[in-house]
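Chain by chain, the residues run as shown.
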Amino acid sequence: MNKPKIAILGLGYVGLPLARLFATKYSVVGFDINKERVAELMTGVDSTLEVENEVLKSVLKDSPSNENGLFCSTSLDDIKDCNYYVITVPTPVDKNNRPVLTPLVKASEAVGSVLGTGDIVIYESTVYPGATEDECIPVLEKSSGLVFNKDFYAGYSPERINPGDKEHTVEKILKVTSGSTPEIGEKVNDLYKSVIVAGTHLAPTIKVAEAAKVIENSQRDINIAFVNELAKIFSLMDVNTHDVLAAAGTKWNFLPFKPGLVGGHCIGVDPYYLAQKAQELGYNPEIILAGRRVNDGMGAYVASEVVKLMISHDIRIKNAELLILGFTFKENCPDVRNTRVIDVVKALQEFNINVTVHDPWANEEEVMHEYGITSNKELPSNKFDAIVLTVAHNEFKDLDLNSLKKDNSVVYDVKNSLPENQRDRGL
């Protein structure tokens, strides 16, 4: 194979940082079906804030040539002479928490239409073990007319991007790699090793790499579910959960997890991929699904605790004015995918409470399109009966809450990030 020329399919939170990194050493074409996103990137602007604009501009080139750099496109013609295809599209779940592989299938069809002899297709999207070879490879074969492991090959290298994290960037996170044959595994590993300064781990098979990724997030989900359940128990005992965790954390092997809302594109979704596959094989994964039930119920729990707090302060519930601080799925990040703050909002609205959302990071149009609610970048000027901090953005650390409170108001701190004298209760 000649020098790698890499196509990255999907230019979101995962694909763009990877494309930028590869572009420092190779010729890279970023492909995305979103014309607005591609146009934005080609001007050197990344609205996800994962890649700084100056860094992005430093690798951009004006054509899909073979010289090093990144060219972004919506045309499959621009990726047809690539020899590595890296697929980084989302793998969500539907309203019944069943895996949705449609983006993966469509991306595979697109790659298959331009696939050539000797090419390697690498998947980064989180899936259940076996999905690459059972679901994606047949699509590639059908679309290309080529034979797997004879005419073309595959690899799997699960993404480990942490949106909003400027310390653990893609090149600083150790990468798990794999290939459809031992030789291809080495090629895939060498490709990533050439740009990942943290190093790589070559898994023996694609299934092992797929399984490793899906249990990473399942493990974290279960641990957070445990401390969320502790928070509920300690609340009944009138014991501060964070004080308990701080005390327990003095033991060297105690794991430092904190209670909270569990959303985002990974932790709140990936366990369902493993659970679905397990159920298809006749096994009911009790611990995984129990953790999901606990975490999926935290929005309603927070809302009920807020209402109890308001009642205890003689605040009239019906038509009360309540301010939600933060809507993204995590702090200091514009990503609103699968944010569980929406569960808090909806549960509070069921009590006929007037909810105002303020988030300086969230895209207002995206929030309206995805969730049908209004999110305000600017801080409201009116006063509120209750304030609920759901996301610990840096902007909220020095916020003057007194200017937002009525004479008899309460503050509930989901993230335990406010000074103790500024909150009435927290998770």
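Residues numbered from 1 in each chain as written. Predicted model: local features only at pLDDT ≥ 70, side-chain atom pairs only at ≥ 80, totals over all residues. Heavy atoms only, no water.

Our next topic: the sheet that holds strand E13 (residues 405-413). The six strands lie next to each other as E11-E10-E9-E12-E13-E14, forming an open sheet whose pairing is parallel. Sheet topology places strand E11 (375-376) and strand E14 (425-426) at the edges, where each strand pairs with a single neighbour. Where strand E9 (residues 321-325) and strand E12 (residues 384-389) come together, four bridges link them in parallel fashion. The residue bridging Leu325 from the neighbouring strand is Leu389, located in E12. (Pairing = 2+ DSSP bridges. Helix = DSSP H or I, 4+ residues; strand = E, 2+ residues; numbered from the N terminus.)

In this numbering, the UniProt entry assigns the feature "domain: UDP-glucose/GDP-mannose dehydrogenase C-terminal" (unreviewed entry) to residues 323-420. The span residues 323-420 is 17% helical and 26% strand by assignment, and the distance between its end C-alpha atoms comes to 19 Å. (UniProt positions renumbered as here; feature names shortened; annotations may be inferred.)

The next thing to look at is the domain arrangement of the protein chain. Each domain of the protein chain was delimited in the assignment, giving domain 1 (5-204) and domain 2 (241-426). The straight-line distance from the C-alpha centre of domain 1 to that of domain 2 is 33 Å. In this complex, domain 1 contributes 20 residues to the contact, which on the side of domain 2 involves 18 residues. Around 1500 Å² of area is buried between domain 1 and domain 2 when both sides are counted, 63% of it from carbon and sulfur atoms. A per-residue breakdown of the area domain 1 buries against domain 2 is headed by Tyr13, Tyr128 and Pro163, which together make up 32% of the total. Where domain 1 touches domain 2, the interface holds zero salt bridges. The interface formed by domain 1 and domain 2 contains five residue pairs in polar contact (both at pLDDT 80 or more). Here the residues of the side of domain 1 that touches domain 2 are counted per class, giving eleven nonpolar, seven polar and two charged. (Domains from an automatic or database assignment. Contact = heavy atoms within 4.5 Å. Buried area = accessible area lost by both parts, 1.4 Å probe. Salt bridge = Lys/Arg side-chain N within 4 Å of Asp/Glu carboxyl O. Polar contact = N/O pair within 3.5 Å; in protein donor to acceptor, adjacent residues only side chain to side chain. Nonpolar A, V, L, I, M, F, W, Y, C, P; charged D, E, K, R; others polar.)

Below, the discussion takes up the packing of helix H9 (residues 270-280) against helix H10 (residues 286-296). Packing of H9 against H10 brings their axes to within 10 Å, and their N-to-C directions diverge by 140°. Between H9 and H10, the interaxial angle falls into the category oblique. In terms of crossing hand, the pair formed by H9 and H10 is left-handed. Taking contact as the criterion, the partners of Pro271, Tyr272, Leu274, Ala275 and Gln279 in H9 are, on H10, Ile288, Leu289, Arg292 and Asp296. Residue composition of the contact of H9 with H10, grouped by class: six nonpolar, one polar and two charged. (Axes fitted to C-alpha atoms, helices over the stretch in contact; angles between N-to-C directions. Parallel < 35°, antiparallel > 145°, perpendicular 65-115°, else oblique. Left-handed = near helix turned anticlockwise from the far one by under 90°.)

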